[in-house]
Amino acid sequence: MPTKRKRESSKTSNTFEQESNGVVKEKTRPSSEEEYRHWLMKSEPESRYENGVDVRFGIEDLKSCPDQTACWDGVRNYQARNFMRDKMRKGDEVFFYHSNTKKPGICGICEVVRESYVDHTQFDSKDPHYDRTAKRDNPRWYMVDVKFKRMTRRFVSLAELKVLHAEHKQSGGPLKNLSLFTRARLSVQPISQEEWDYILTLESQEEKECVQK
DNA sequence: GCCAACGTTGGC
DNA sequence: GCCAACGTTGGC
């Protein structure tokens, strides 16, 4: 099984864990209780070693997995976990985002093919995302499986999205609340239908000249 | 490699 | 339950 996953804290706490009935009220973006059917997930395409283990997992790595499918293990942030555990559904579509790299941005699309289940790496002392406080009978971290769908027709860079986000804040355009900027550090983010559709239209357009390469 | 932003910890 | 200190994320 491939080891992968973003840079999420491996430090943990009980602070936000109270779940009397298994339901967590998760704060989504202020205006909405809408159910998201689209997401953005960050992963690092370049090798980086955490506790001696390479945490690289770019979209090419996903394509190389059996059935082009991988578990999204290693998320150690409560908001990101809650999205995966409570909100993601089979068939949801996901922008695959390359982070912590020279040119960050959206490079492909994948699909949720298995809904949340226990992230086994929390119990593995050799895994960089080992959580010594997690108990087998009371797991803390969950993951989903995603399957590669396709590359985007072109790379949609963070720089480009940033310019559009700034414009749309003024004009009230579709990317005015994009989580990439309003919740920048979240590695699993919700994408509204409107945002999804708009970003897909960028695929078939040239990148604007004003964007710094 | 720097460091701003922000999530988490833990003393009180 | 506040909040200062600390640690991590991730763009640059």
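Heads up: the structure comes first, above all this text.
Below is a short write-up of the structure. Nothing here was measured: the structure is a model prediction, and the numbers come from that model. (Residues numbered from 1 in each chain as written. Chains lettered and ligands numbered in written order. Predicted model: local features only at pLDDT ≥ 70, side-chain atom pairs only at ≥ 80, totals over all residues. Heavy atoms only, no water.)

**With respect to the overall build of chain A**
Item 1. A tally of regular secondary structure across chain A gives 5 helices and 8 strands.
Item 2. Taken from the N to the C terminus, the helices and strands of chain A come in the order β-β-β-α-β-α-β-β-β-α-α-β-α.
Item 3. Buried residues in chain A amount to 51% of all 213 residues.
Item 4. Contacts in chain A between residues at least 24 apart in sequence constitute 76% of all its contacts with a sequence separation of at least 6.
Item 5. Surface summary for chain A: the accessible area is close to 11,000 Å², and the carbon and sulfur share equals 47%. (Helix = DSSP H or I, 4+ residues; strand = E, 2+ residues; numbered from the N terminus. Buried < 20%, exposed > 50% of the residue type's maximum accessible area, 1.4 Å probe, protein only. Contact = heavy atoms within 4.5 Å. Areas by Shrake-Rupley, 256 points an atom, 1.4 Å probe, with all protein chains shown as cover.)

**What about the sheet that holds strand β5 (residues 93-98)?**
Hydrogen bonds between backbone atoms are what pair the strands of a sheet, whose relative direction is either parallel or antiparallel.
Item 1. Overall, mixed pairing links the 6 strands, which are arranged β4-β7-β6-β5-β1-β8 in an open sheet. Of all strands in the sheet, those bounded by a partner on one side alone are β4 (69-71) and β8 (188-191). Between one strand and the next, the sheet's axes are offset by a mean angle of 35°, whatever the strand orientation.
Item 2. Here β4 runs beside strand β7 (residues 142-157); their pairing, made up of 3 bridges, is antiparallel. Bridged to Thr-69 within β7 is Lys-147.
Item 3. Here helix α2 (residues 78-87) sits on the sheet in contact with β1 (38-43), β6 (105-118), β7 and β8, set at roughly 110° to β7.
Item 4. This element, helix α3 (residues 158-171), spans β5, β6 and β7 of the sheet and lies at about 80° to β7. (Pairing = 2+ DSSP bridges. Axes fitted to C-alpha atoms, helices over the stretch in contact; angles between N-to-C directions.)

**Some remarks on unusual backbone geometry**
Item 1. Phi at Gln-68 is positive, roughly 50°, even though this residue is not glycine.
Item 2. Within the element layout of this structure, Gln-68 appears in the loop between α1 (59-64) and β4.
Item 3. The backbone of Asn-100 sits at a positive phi, close to 55°, despite the residue not being glycine.
Item 4. Its place among the elements puts Asn-100 in the loop between β5 and β6.

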